[in-house]
Amino acid sequence: MRTVGSVLALGLTVAAATGVAAQGIELDLEPDHMENGRWYNAEGLPTFKVENGVVDYATFSGYRRYHSECHVCHGPDGEGSTYAPALKDSVTKRMDYWEFMEIAASGKQDVNTAANLVMPAFGTNRNAWCYIDDIYVYLLARGTGAIPRGRPAEKEAKSDEFAAQEASCMEG
């Protein structure tokens, strides 16, 4: 599903390859086209773009929204916590985009004799759902090592297309 072909924030270059597999999840991270200010791969799935240490605006937006809505349970920078998994690993090793979207929209409950783990549904929370693809690409970038922990140092400017789509979703 995704490959990395961009210069990483650490200055390393990862060669573009079609189908980098991580424990059964095939990742195609190669940016192919942009829609509404967001990058997508050839299959039309969201991806990130990092060039010379500068992240695309959607990845930066994902950083902001993740730390607004997700980090309380899932830890800073997608690293996980004692009661919620490291999402940076989940999106690169355990679940594809569609499973991520399903859980984010509908929530998940895992009850057993040892624990009662509950992920709330965010499908009606516009502060999360209008930016769910941004959160996803931020976690991909973190999980593949394309960006380090912390606030991205440099970002592209917010495009008019991104702003228009954002306004449409938030006002909708």
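Scroll up a little and you will see the structure.
The model shown is predicted, which means the values in this text are computed figures rather than measured ones. (Residues numbered from 1 in each chain as written. Predicted model: local features only at pLDDT ≥ 70, side-chain atom pairs only at ≥ 80, totals over all residues. Heavy atoms only, no water.)

Caption draft 1: Examining helix 1 (residues 57-69) more closely. Along its 13 residues, helix 1 runs 18 Å from first to last C-alpha, staying within 8% of the 18 Å computed at 1.5 Å per residue. Of all 13 residues making up helix 1, 10 are buried, and the element is well covered by its neighbours. Looking only at helix 1, the buried set comprises Tyr-57, Ala-58, Thr-59, Phe-60, Ser-61, Gly-62, Tyr-63, Arg-65, Tyr-66 and His-67. At the N-terminal boundary of helix 1, the capping side chain belongs to Asp-56, with an oxygen 3.2 Å from the backbone nitrogen of Ala-58. (Helix = DSSP H or I, 4+ residues; strand = E, 2+ residues; numbered from the N terminus. Expected span 1.5 Å × (residues − 1). Buried < 20%, exposed > 50% of the residue type's maximum accessible area, 1.4 Å probe, protein only. Polar contact = N/O pair within 3.5 Å; in protein donor to acceptor, adjacent residues only side chain to side chain.)

Caption draft 2: Quick look at the side chain of Thr-47. Topologically, Thr-47 is positioned in the loop between strand 4 (38-40) and strand 5 (50-51). Given the relative accessible area of 1%, Thr-47 is considered buried. A polar contact is formed between the side chain of Thr-47 and the backbone oxygen of Leu-29, at a distance of 2.8 Å.

Caption draft 3: Up close: the layout of surface pockets. Within this model, the largest pocket holds a volume of roughly 650 Å³. Considering the residues around the largest pocket, the lining is formed by 25 residues, among which His-74, Pro-85, Leu-87, Ile-103 and Met-119 are closest to the centre. Counting residues per element, the lining of the largest pocket draws most heavily on helix 4 (residues 97-106), at four residues. (1 Å grid on protein atoms, 1.4 Å probe; cavity = no way out; pocket = protein on both sides within 12 Å on 5 of 7 lines; lining within 4 Å. Points joined across faces, edges and corners; volume = space filled by probe spheres on them.)

Caption draft 4: Molecular detail of the nonpolar core. One finds Phe-48, Tyr-66, Phe-100, Ile-135, Tyr-136, Leu-139 and Leu-140 to be the most contacted residues of the largest nonpolar core, which totals 32 residues. If you list the elements that add at least two residues to this core, you get strand 2 (25-27), helix 1, helix 3 (87-94), helix 4 and helix 6 (132-143). For this core, the element with the highest residue contribution is helix 6, accounting for eight residues. Among all residues touching Phe-100, those that are not within four sequence positions of it are Val-91, Met-95, Ile-132, Ile-135, Tyr-136 and Leu-139. (Core = buried A, V, L, I, M, F, W, Y, C linked by side-chain atoms within 4.5 Å. Contact = heavy atoms within 4.5 Å.)

Caption draft 5: Structural detail: the packing of helix 4 against helix 6. Close contact between helix 4 and helix 6 brings their axes to 11 Å; oriented N to C, the two are set at 130 degrees. Between helix 4 and helix 6, the angle falls in the class oblique. Seen along the crossing, helix 4 lies across helix 6 with a hand that is right-handed. Every residue of helix 6 that contacts helix 4 at Tyr-97, Phe-100, Met-101 and Ala-104 is listed here: Ile-132, Asp-133, Ile-135, Tyr-136 and Leu-139. In terms of residue class, the contact of helix 4 with helix 6 is made up of eight nonpolar, no polar and one charged. (Axes fitted to C-alpha atoms, helices over the stretch in contact; angles between N-to-C directions. Parallel < 35°, antiparallel > 145°, perpendicular 65-115°, else oblique. Left-handed = near helix turned anticlockwise from the far one by under 90°. Nonpolar A, V, L, I, M, F, W, Y, C, P; charged D, E, K, R; others polar.)

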